Amino acid sequence: MRISPCFADLALTSPEDYYIEGQGSLLQCVLTPGDPYMPLLNDEIIKRVAKQVSDLFPSSRGLELTWSSVVKIAQSLYREGPGKDPFRPDQKTPIKNFFLAGSYTKQDYIDSMEGATLSGRQASAYICDAGEELVALQKKLAAIGSQQQIPDELSLV
């Protein structure tokens, strides 16, 4: 059985929180789809992940695994499948000024860090457009001579 992992060395990605001099790396690994791993004992999952880490990262061979933890959450991951793409939500929702970002939303990549990044960029474009709309509305209200305070829901903050 081949693991489809997503690896992140937290000592590199978040050094303020996870890097301790002389302590080495802290890998976070996400296995998806998780169905094949749910019935396995944690020790078996750790053994398989450690093997794949050593296969993928030859420089890790010979290092000692000093701590591990397995968290099993069966329903938390997006599952790709034929015909599912139309059900992925757009970054701009029908709710005014409510936007979504994440690898599960409509974008051109699979559920990945790249997809999440692209989705965030698409969401930020919608947010910027919404900001321009609010600024235009503020200018319009000012132009008609309104002396009223603009309600909070129209503020850019």
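What counts, and where the lines are drawn
- Residues numbered from 1 in each chain as written.
- Predicted model: local features only at pLDDT ≥ 70, side-chain atom pairs only at ≥ 80, totals over all residues.
- Heavy atoms only, no water.
- Helix = DSSP H or I, 4+ residues; strand = E, 2+ residues; numbered from the N terminus.
- Buried < 20%, exposed > 50% of the residue type's maximum accessible area, 1.4 Å probe, protein only.
- Contact = heavy atoms within 4.5 Å.
- Expected span 1.5 Å × (residues − 1).
- Core = buried A, V, L, I, M, F, W, Y, C linked by side-chain atoms within 4.5 Å.
- pLDDT = per-residue confidence, 0-100.
- Salt bridge = Lys/Arg side-chain N within 4 Å of Asp/Glu carboxyl O.
- Polar contact = N/O pair within 3.5 Å; in protein donor to acceptor, adjacent residues only side chain to side chain.

Asker: What am I meant to see in the overall build of the protein chain here?
Answerer: Assigned secondary structure in the protein chain consists of four helices and two strands. The proportion of buried residues among the 157 residues of the protein chain is 20%. Within the protein chain, contacts between residues separated by at least 24 positions form 39% of all contacts whose residues are at least 6 apart in sequence.

Asker: Is there a simple way to explain helix H3 (residues 42-56) in this structure?
Answerer: Working note: α-helix, 3.6 residues per turn, so residues spaced by three or four point in the same direction. Between the first and last C-alpha of H3 there are 21 Å, a value that for 15 residues agrees with the 21 Å anticipated at 1.5 Å per step. Those residues of H3 lying buried are Ile 45, Ile 46, Val 49, Gln 52, Val 53 and Ser 54.

Asker: Looking at this structure, how should I read the nonpolar core?
Answerer: It is characteristic of soluble globular proteins that their nonpolar side chains tend to be buried jointly. Judged by nonpolar contacts, Leu 31, Tyr 37, Leu 40, Ile 45, Val 49 and Val 53 together constitute the single largest core of six residues. By residue number, the principal contributor to this core is H3, which donates three residues. If sequence neighbours within four positions are ignored, Leu 40 has contacts with Ile 45, Arg 48 and Lys 72.

Asker: Any chance you could explain the confidence of the model for the protein chain here in plain terms?
Answerer: Predicted coordinates in areas of low pLDDT are best not read in detail. For the protein chain, per-residue confidence averages 80 on the pLDDT scale, and residues scoring 70 or more make up 83% of the total. Strand S1 (residues 5-9) is the least confidently modelled element of the protein chain, averaging 66 in pLDDT, while H3 averages 91, the highest of any element.

Asker: Can you help me understand helix H4 (residues 113-143) in this one?
Answerer: The terminal C-alpha atoms of H4 lie 45 Å apart, and with 31 residues this matches the ideal 45 Å at 1.5 Å per residue to within 8%. Those residues of H4 that sit buried are Gly 115, Ser 119, Ala 123, Ala 130, Gly 131 and Leu 134. One or two positions beyond H4, positive phi appears at Gly 145, with a value near 80 degrees.

Asker: For this particular structure, what's the right way to read the pattern of salt bridges?
Answerer: Pairs may arise between side chains of opposite charge once their charged atoms sit close together. Under the counting rule described, the total for this entry stands at four salt bridges. Taking the shortest distance from any N to any O, the salt bridge between Asp 55 and Lys 51 comes out at 2.8 Å. On the criterion of helical spacing, the pair formed by Asp 55 and Lys 51 is a turn pair, its members being four residues apart in helix H3. The shortest N-O distance in the salt bridge between Asp 85 and Arg 88 comes to 2.9 Å.

Asker: So what exactly am I meant to see when it comes to the environment of Tyr 126 here?
Answerer: Position of Tyr 126 relative to the elements: it lies in helix H4. Overall, Tyr 126 belongs to the partly exposed group, its relative accessible area being 27%. Each C-alpha atom of the pair Tyr 126 and Leu 100 lies 9.9 Å from the other, and the pair is 26 residues apart in sequence. Excluding anything up to four places from it in sequence, Tyr 126 contacts Asp 90, Gln 91, Lys 92 and Phe 99.

Asker: Help me out: how do you make sense of the side chain of Ser 119 in this one?
Answerer: Within the fold, Ser 119 resides in helix H4. Exposure remark for Ser 119: the relative accessible area of 0% places this residue in the buried category. From its side chain, Ser 119 meets the backbone nitrogen of Gly 102 in a polar contact 2.9 Å long. In contact with Ser 119, not counting residues within four places along its chain, are Gln 91, Leu 100, Ala 101, Gly 102, Thr 105 and Gln 107.

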